[in-house]
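Below are the chains, spelled out letter by letter.
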Amino acid sequence: MRYLQRCAVTNFPAPPKADDLTLLDSLATAVLAIDGAMRIRYLNNAAEQLLGISARKAVGQRLTRALTIPDALFARIRDAVESSQPFTDRQVSVEPHGQDPQIVDLYLSPFRIGKTDQGLILEVTVIDRPLRIARDEAILTQQEHARSLLRGLAHEIKNPLGGLRGAAQLLDKQLPNAELGEYTNIIIREADRLQNLIDRMLGPTSRPKQDAVNLHEVLEHVRKIIIAGACDGIQVRFDYDPSIPECLTDRDRLIQVILNIAGNALQALGTAGKIVFRSRVVSNFTIGGARHSLVACLQIHDNGPGVPDALIDQIFYPMVTGTDHGTGLGLSIAQSIMNQLGGLIECNSEPGNTTFTVLIPLEIP
Ligand SMILES: Nc1ncnc2c1ncn2[C@@H]1O[C@H](COP(=O)(O)OP(=O)(O)O)[C@@H](O)[C@H]1O
Ligand SMILES: [Mg+2]
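Bear in mind the structure is a predicted one, so any value in this text is a computation, not a measurement.

A.B. asks: Could you clarify how one ought to interpret the sheet that holds strand S10 (residues 273-287) in this entry?
C.D. replies: Backbone-to-backbone hydrogen bonds join strands into a sheet, with any given pair of strands oriented parallel or antiparallel. Ordered in space as S8-S10-S11-S13-S12, the five strands form an open sheet in which the pairing is mixed. Each edge of the open sheet is held by one strand with a lone partner, namely strand S8 (234-239) and strand S12 (344-350). Averaged over neighbouring strand pairs, the angle between their axes works out to 20 degrees when direction is ignored. As paired elements, S12 and strand S13 (residues 353-361) share seven bridges and run antiparallel to each other.

Right under this line is the structure:
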């Protein structure tokens with residue numbers, strides 16, 4: 001059934017067995033079959049994602065309608081079809097319709113469709129993927145170091161702090177003059193403030209819940225809070241992929257993550273600008289070295305000034321802030337929550353275009 005939906009052709013070779021298709025769908029490489037008229041006859045899951053189009057829409061379309069390809073490359077693809085010669089092209093820029101250009105490696109192998117029609121199998125590997133995976137791994141390592149440093153520091157500070165606070169309370173009871181209580185109160189208050197700061201730096205320590213969570217409900221919940229706190233000059237839009245299934249995760253913690261990120265976007269914009277809450281689902285996606293068959297991408301985009309260059313590699317560390325009154329804890333807490341939830345936060349930022357992407361693995365029923 002899936003095959004018929006994907007191919008919608010009459011003279012395609014004998015349908016591959018269901019196992020073969022599952023196999024192709026589980027590849028991270030985009031695979032397309034093109035016929036002699038340069039129309040798409042088949043595409044796997046990764047190709048759907050690359051082109052940002054469903055197989056139902058893409059099959060039957062001309063390749064050039066789904067993908068803008070440099071003229072010279074297009075001519076080579078035509079030649080490959082006509083001459084039945086395979087070829088490889090590396091690091092070419094292609095532009096999936098309506099999306100940002102991507103640098104890819106292309107492998108073309110001719111094959112025969114039916115008895116006469118010449119076709120082509122196109123394998124497309126997006127080459128920034130290894131870079132992204134390496135960067136994700138760096139974020140995770142960074143996070144692990146920061147957390148173990150924090151845990152050690154918290155242990156060293158909390159014990160004496162508890163002693164200090166207890167001693168101040170005892171002292172308070174023994175004071176000959178009640179007015180001196182002002183000073184013991186300062187010690188107790190400041191000890192509590194430090195304790196509180198350390199707890200916040202460590203983030204939630206209990207096990208996260210595993211409830212069925214509607215991710216759009218979470219995004220909308222935060223969007224309303226942001227709208228309530230935004231000036232008139234700020235637009236807060238949304239762009240959701242309705243196909244995202246429910247996710248087994250901790251709703252409250254996820255809300256805190258999105259709120260920390262969106263709160264920063266609001267702060268960065270000041271009095272005017274645009275924030276977009278976006279959701280997408282991608283398959284065969286790697287998060288910090290672990291491959292997941294289905295992943296939800298929740299994105300908060302803003303058109304503000306962007307993360308300062310000097311901070312971009314450190315924003316997920318605790319106490320790193322670019323603002324006068326910031327604590328520098330928002331993103332570090334958000335990142336450690338996402339670690340607990342098996343996901344990750346990525347950031348891409350340049351002036352006028354900042355996107356924080358929250359990646360959450362989805363359970364497949
Ligand atoms: N959307 C954004 N646009 C510009 N800069 C940002 C954005 N999000 C985060 N930042 C930068 O990252 C820093 C760290 O953020 P965060 O960890 O939440 O701490 P805080 O908000 O307390 O400064 C911010 O101070 C800011 O400089
Ligand atoms: Mg913040």
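A.B. asks: In this structure, what is going on with the site of ligand 1? I would like to understand it.
C.D. replies: Surveying the vicinity of ligand 1 reveals 23 residues, the closest of which are Asn264, Thr321, Gly322, Gly326 and Gly330. For the shell around ligand 1, the secondary-structure elements that each account for two or more residues are helix H10 (251-269) and helix H11 (330-340). Broken down by element, the residue count for the shell around ligand 1 peaks at four residues, all from H10. When its residues are assigned to classes, the shell around ligand 1 shows nine nonpolar, 13 polar and one charged.

A.B. asks: Help me understand the pairing of S10, please; the structure alone is not making it clear to me.
C.D. replies: Side chains on a regular strand alternate between the two faces of the sheet. Taken together, the six bridges between S8 and S10 define a ladder with parallel strand orientation. Bridge assignment links Asp239 to a residue of S10, and that residue is Arg278. When S10 meets strand S11 (residues 290-302), the two strands line up antiparallel, connected through twelve bridges. Within S11, the residue paired with Ile275 across the bridge is Asp302. Taken together, S10 and the strand that follows it, S11, pair antiparallel across an intervening segment of two residues, in which Gly288 is found at a positive phi of about 50 degrees.

A.B. asks: Looking at this structure, I do not really get the nonpolar core. What am I missing?
C.D. replies: Note that soluble globular proteins tend to have their nonpolar side chains buried in a common cluster. Of all hydrophobic cores here, the largest spans 39 residues; its most connected members are Ile258 and Val358. Element by element, the count of residues in this core is highest for H10, at eight residues. If we ignore the near neighbours within four places in the chain, the residues touching Val358 are Val257, Ile258, Leu298, Met338, Gly343 and Ile345. Counting 24 residues, the second-largest nonpolar core is a separate cluster that includes Ala30, Ala46, Val104 and Leu108.

A.B. asks: What exactly am I supposed to notice about the domain arrangement of the protein here?
C.D. replies: By a frequent convention, interface size equals the accessible area lost on bringing the separate parts together. Splitting the protein by domain gives domain 1 (2-126), domain 2 (131-202) and domain 3 (211-361). The C-alpha centroid of domain 3 is placed 33 Å from the C-alpha centroid of domain 1.

A.B. asks: Would you mind showing me how to read the confidence of the model for the protein here?
C.D. replies: Low pLDDT marks regions whose predicted coordinates should not be analysed in detail. On average, residues of the protein score 86 in pLDDT, and 91% of them are at 70 or above. Note on residues 1-12: pLDDT is under 50 here. Beyond four places in sequence and across chains, it has 21 contacts.

A.B. asks: What should I look at first to understand the environment of Asp136 in this one?
C.D. replies: One can find Asp136 in helix H7 (residues 128-174). Residue classification places Asp136 among the partly exposed residues on the basis of 19 C-beta atoms within 10 Å. The spacing of Asp136 and Ile312 is 176 residues in sequence and 14 Å in space, taken between C-alpha atoms. Excluding residues that lie within four positions of it along the chain, Asp136 makes contacts with Ile287, Gly288, Leu344 and Glu346.

A.B. asks: Help me out: how do you make sense of the environment of Arg78 in this one?
C.D. replies: In this structure, Arg78 sits in helix H6 (residues 71-83). Each C-alpha atom of the pair Arg78 and Ala37 lies 9.1 Å from the other, and the pair is 41 residues apart in sequence.

A.B. asks: Hey, could you run me through the packing of H10 against H11 in this one?
C.D. replies: When two helices pack together, their arrangement is captured by the angle between the axes and the distance separating the axes. Following both chains from N to C, one finds H10 and H11 inclined at 150 degrees, their axes separated by 9 Å at the closest point. Crossing handedness for the pair H10 and H11: left-handed. Together, Arg253, Gln256, Val257, Asn260, Ile261, Gly263 and Asn264 of H10 and Gly330, Leu331, Ile333, Ala334, Ile337 and Met338 of H11 make up the contact between the two elements. When its residues are assigned to classes, the contact of H10 with H11 shows seven nonpolar, five polar and one charged.

The rules behind each value
- Residues numbered from 1 in each chain as written.
- Chains lettered and ligands numbered in written order.
- Predicted model: local features only at pLDDT ≥ 70, side-chain atom pairs only at ≥ 80, totals over all residues.
- Pairing = 2+ DSSP bridges.
- Helix = DSSP H or I, 4+ residues; strand = E, 2+ residues; numbered from the N terminus.
- Axes fitted to C-alpha atoms, helices over the stretch in contact; angles between N-to-C directions.
- Near = placed C-beta within 6 Å.
- Nonpolar A, V, L, I, M, F, W, Y, C, P; charged D, E, K, R; others polar.
- Core = buried A, V, L, I, M, F, W, Y, C linked by C-beta atoms within 7 Å.
- Buried ≥ 20, exposed ≤ 12 C-beta atoms within 10 Å, placed from the backbone.
- Contact = placed C-beta atoms within 7 Å.
- Domains from an automatic or database assignment.
- pLDDT = per-residue confidence, 0-100.
- Left-handed = near helix turned anticlockwise from the far one by under 90°.

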